[in-house]
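Overview (structure and organization)
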Amino acid sequence: MKVLVASKSLPVFDVLQGVRDVEHRVALFTGQVYDTLPGSDLVIIDFDDLVPHPYSVEMLKGVLAEAGVLFVASAEFLAQPDRWITEARRRRGEIHQLPDKRTIAFVSYSGGTGKSTLAIDTALHFARRTRMPTLLTEFCHGESSLATLTGLEMPHLFDLVTQLDLRPRKWQGVTLIPMDYENCRDLSANLIGKYLKEQMAAHVLTVVDCRWPHALVSPVRDEVDQWFVVGAPRADAVENARKLAQELGSKAAIILNQKGGALDGLALSGVERALDLPLIGQPERFEGQLGKAVLAQTYGPQTWRKYEPKSALARLGAAFGLGGHR
């Protein structure tokens, strides 16, 4: 049996050393705890002992509850160690693989490429499939695409940054932080960045919808693991996507969205891209057709396969295909 100890309590180790067939591992950083959860049968954890990196302690509490893992504070464990070990043996093997922490950004020079729809669909599909904390935010100019496309009433970024008792809206498992640019431009980029980094630390996946260039994105730019430059099969959008991918460098990959017509190939000739997404009906229903392809690209098809029903993966491969395109 495998026990994860996220506590500085020395008596816990004394007890575990006297138990037959128990292997214990130690983790005090929140990221180490998260990474070690799969394969652990029991977690002995004192939240006050944890170092909050890269996740917040509150986020880890939510993951432990959502993942269904058996966890207990050291004082409770020491009061009845036999009870907890017996229960852990009974429930052995119930903790499944958890997705890695990621921040992905959909970005474009051009409007009309569908990047905001892609961002929402991806965030919602991740939350549905993994049940892990998911954040969706944006860097826009003018009206919030996130508020418009969801049709929800919710606090915007300016109010969230300036009113410490205000909490973001949660929708279908996704934390939403829309930008009100006209107000936010009066705040410092560093202040906005500090707030968003705290929110990112509380979520496993962060999805960013970003219009480029944007003056306020610089403080969180290094947090992005993958820039998905979204283009559409129009000559101007393809050329803009190519230029922006070059500007963003090695973390950037082009996604060709809304590919449908027989003549689209003329605009795409010679353009290297990570993923082609077809034009689909009613994308605003956010049913995950597009998001699942993006997540398979983000995590790798074999890894993401664990979160999709087999029939869905078969349809995904047939409909979209994964890997590079030219």
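First, a word on what this report is: a plain description of the structure on this page.

Definitions and cut-offs
- Residues numbered from 1 in each chain as written.
- Predicted model: local features only at pLDDT ≥ 70, side-chain atom pairs only at ≥ 80, totals over all residues.
- Heavy atoms only, no water.
- Core = buried A, V, L, I, M, F, W, Y, C linked by side-chain atoms within 4.5 Å.
- Buried < 20%, exposed > 50% of the residue type's maximum accessible area, 1.4 Å probe, protein only.
- Helix = DSSP H or I, 4+ residues; strand = E, 2+ residues; numbered from the N terminus.
- Contact = heavy atoms within 4.5 Å.
- Pairing = 2+ DSSP bridges.
- Axes fitted to C-alpha atoms, helices over the stretch in contact; angles between N-to-C directions.
- Salt bridge = Lys/Arg side-chain N within 4 Å of Asp/Glu carboxyl O.
- Polar contact = N/O pair within 3.5 Å; in protein donor to acceptor, adjacent residues only side chain to side chain.

Some words on the nonpolar core
Counting 52 residues, the largest nonpolar core has Tyr34, Phe106, Leu136 and Val294 as the members making the most contacts within it. In terms of residue count, the dominant contributor to this core is helix 6 (residues 115–130) (seven residues). Residues within four places of phenylalanine 106 in sequence aside, it is in contact with Lys115, Leu118, Ala119, Thr122, Val207, Val208, Asp209, Cys210, Phe228, Val230, Ile255 and Val294. Membership of the second largest hydrophobic core comes to 36 residues, among which are Leu187, Ala189, Tyr195 and Val271.

Some remarks on the sheet that holds strand 7 (residues 169–171)
Read across the open sheet, the eight strands follow the order 7-8-6-9-5-10-11-12; overall the sheet is mixed. Looking at which strands have only one partner, the edges of the open sheet turn out to be strand 7 and strand 12 (275–278). Neighbour-to-neighbour, the strand axes of the sheet open up by a mean angle of 25°, direction not taken into account. Sheet topology places strand 5 (residues 102–108) next to strand 10 (residues 226–231); four bridges connect them, and they run parallel. Within strand 10, the position partnered with alanine 105 by the bridge is tryptophan 227. Taken strand by strand, helix 11 (residues 235–248) contacts strand 5, strand 10 and strand 11 (252–259), and its axis lies near 165° from that of strand 10.

Overview of the pattern of salt bridges
Enumeration over the complete set of coordinates arrives at 15 salt bridges. Between lysine 61 and glutamate 58 there is a salt bridge, with the nearest N and O atoms lying 3.3 Å from each other. With a gap of three residues between them, lysine 61 and glutamate 58 both fall in helix 3 (residues 57–67), about one helical turn apart. Take lysine 61: its relative accessible area is 33%, and that puts it in the partly exposed class. Assessed through its relative accessible area of 57%, glutamate 58 is described here as exposed. In this structure, the salt-bridge partner of aspartate 209 is lysine 115, at a minimum N-O distance of 2.5 Å.

A look at the environment of leucine 152
Tracing the backbone shows leucine 152 in the loop between helix 7 (145–150) and helix 8 (157–162). The residues contacting leucine 152, other than those within four sequence positions of it, are Ala147, Arg169, Trp171 and Leu176.

Quick word on the side chain of threonine 30
Within the fold, threonine 30 resides in helix 2 (residues 30–36). Judged by its relative accessible area of 0%, threonine 30 is buried. Of the polar contacts made by the side chain of threonine 30, one reaches the backbone nitrogen of histidine 53; its length is 2.9 Å. Looking at threonine 30, its side chain comes within polar contact range of the main-chain oxygen of tyrosine 55, at 2.8 Å. Leaving out residues up to four positions away in the same chain, threonine 30 has contacts with Leu50, Val51, Pro52, His53, Pro54, Tyr55, Ser56, Val57 and Leu60.

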